[in-house]
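If you want the building blocks of each chain, they are given just below.
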Amino acid sequence: MQVAMMVDDIETACANWTRTTGIGPFLHVPHVVLEEFSYRGEASSGLDFSVAIAQSGGMQIELVQQHSDGPSAYRDTIAKGEGGFHHLAIYTDDYDATYSRYVDEGFVAAVDGTFGGYRFSYIDTSAAIGCMVELIEANPLQTDFFERIAAAA
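Residues numbered from 1 in each chain as written. Predicted model: local features only at pLDDT ≥ 70, side-chain atom pairs only at ≥ 80, totals over all residues. Heavy atoms only, no water.

Student: Looking at this structure, I do not really get the sheet that holds strand β8 (residues 108–115). What am I missing?
Tutor: The strands that make up a sheet pair up through hydrogen bonds in the backbone, lying either parallel or antiparallel. If you walk across this open sheet you meet the ten strands as β2-β5-β6-β1-β7-β10-β9-β8-β3-β4, and the pairing is mixed. Every other strand in the sheet has two partners, leaving β2 (27–34) and β4 (42–44) as the edge strands with one partner each. Each neighbouring strand pair of the sheet contributes to a mean axis angle of 25°, computed without reference to strand direction. As paired strands, strand β1 (residues 2–6) and strand β6 (residues 59–66) are joined by five bridges and run parallel to one another. By the bridge assignment, M6 is partnered in β6 with V64. In the packing of helix α1 (residues 10–21) onto the sheet, contacts are made with β1, β2, β5 (47–56) and β6, and the angle to β6 comes to roughly 155°. Strand contacts of helix α5 (residues 140–152): β2, β5, β6, β7 (84–92), β9 (118–124) and β10 (132–137), with the helix running at about 50° to β5, the strand carrying the most contacts. (Pairing = 2+ DSSP bridges. Helix = DSSP H or I, 4+ residues; strand = E, 2+ residues; numbered from the N terminus. Axes fitted to C-alpha atoms, helices over the stretch in contact; angles between N-to-C directions. Contact = heavy atoms within 4.5 Å.)

Laid out in structure tokens, this is it:
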């Protein structure tokens, strides 16, 4: 349901995407700070990033800029100052079963966390498919946000 790109300057990237592809508008959520999350099984904190999301047909385009310098699923595959394709997102009503399927296949979570009381994770599938897979637990707040993004398009 979503493809995500890491960018070094989110405002410039939004303008470039809209000018180049006609996709937009991007809904920008600046400086999301995860105070508590698990990074590769270890407690971590202080991940600061911004996202901008637009809809193109049935697909979301997400742009992500990490502001903090600590390790993260983002920096695992895209170095600071660089950009590129990072992950596919799966929005799931059965988070536990979807998560377990990846773990049972031998993949590990680069990040596990909650946002707004709902779970998400970045499963490191990069060796198998060249990118991470983000799992997002379906919830009313996220559904409403995604519907606003689609309506704006």
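Student: What's the story with the layout of surface pockets in this structure? I'm lost.
Tutor: With a probe scaled to a water molecule rolled over the atoms, the places where space remains empty come into view. Looking at the largest pocket, its volume works out to about 550 Å³. Forming the walls of the largest pocket are 27 residues, and the residues nearest its centre are F49, E62, F115, E134 and Q142. Counting residues per element, the ones that place at least two in the lining of the largest pocket are β2, β5, α2 (73–77), β8, β9, β10 and α5. Of the residues belonging to the lining of the largest pocket, the class tally is 18 nonpolar, five polar and four charged. (1 Å grid on protein atoms, 1.4 Å probe; cavity = no way out; pocket = protein on both sides within 12 Å on 5 of 7 lines; lining within 4 Å. Points joined across faces, edges and corners; volume = space filled by probe spheres on them. Nonpolar A, V, L, I, M, F, W, Y, C, P; charged D, E, K, R; others polar.)

Student: What exactly am I supposed to notice about the pattern of salt bridges here?
Tutor: Side-chain pairs of opposite charge can arise whenever the charged atoms involved come near each other. With the rule as written, the count across this model stands at seven salt bridges. Ionic pairing is found between D69 and K80, a salt bridge with its closest N-O pair at 2.7 Å. Of this pair, D69 sits in the loop between β6 and α2 while K80 is found in the loop between α2 and β7, placing the two residues eleven residues apart along the sequence. Take D69 and K80: they sit in the same class, and that class is exposed. (Salt bridge = Lys/Arg side-chain N within 4 Å of Asp/Glu carboxyl O. Buried < 20%, exposed > 50% of the residue type's maximum accessible area, 1.4 Å probe, protein only.)

Student: What should I look at first to understand the nonpolar core in this one?
Tutor: For soluble globular proteins, the rule of thumb is that nonpolar side chains tend to be buried together. Ranked by internal contacts, the top residues of the largest apolar core, which has 17 residues, are F49, Y74, V111 and Y122. If you list the elements that add at least two residues to this core, you get β2, β3 (37–39), β5, α2, β8 and β9. Looking at which element gives the most residues to this core, the answer is β5, with three residues. Those residues within four positions of V111 in sequence are excluded, and the remaining contacts are F37, S38, Y39, A73, F120, S121 and Y122. (Core = buried A, V, L, I, M, F, W, Y, C linked by side-chain atoms within 4.5 Å.)

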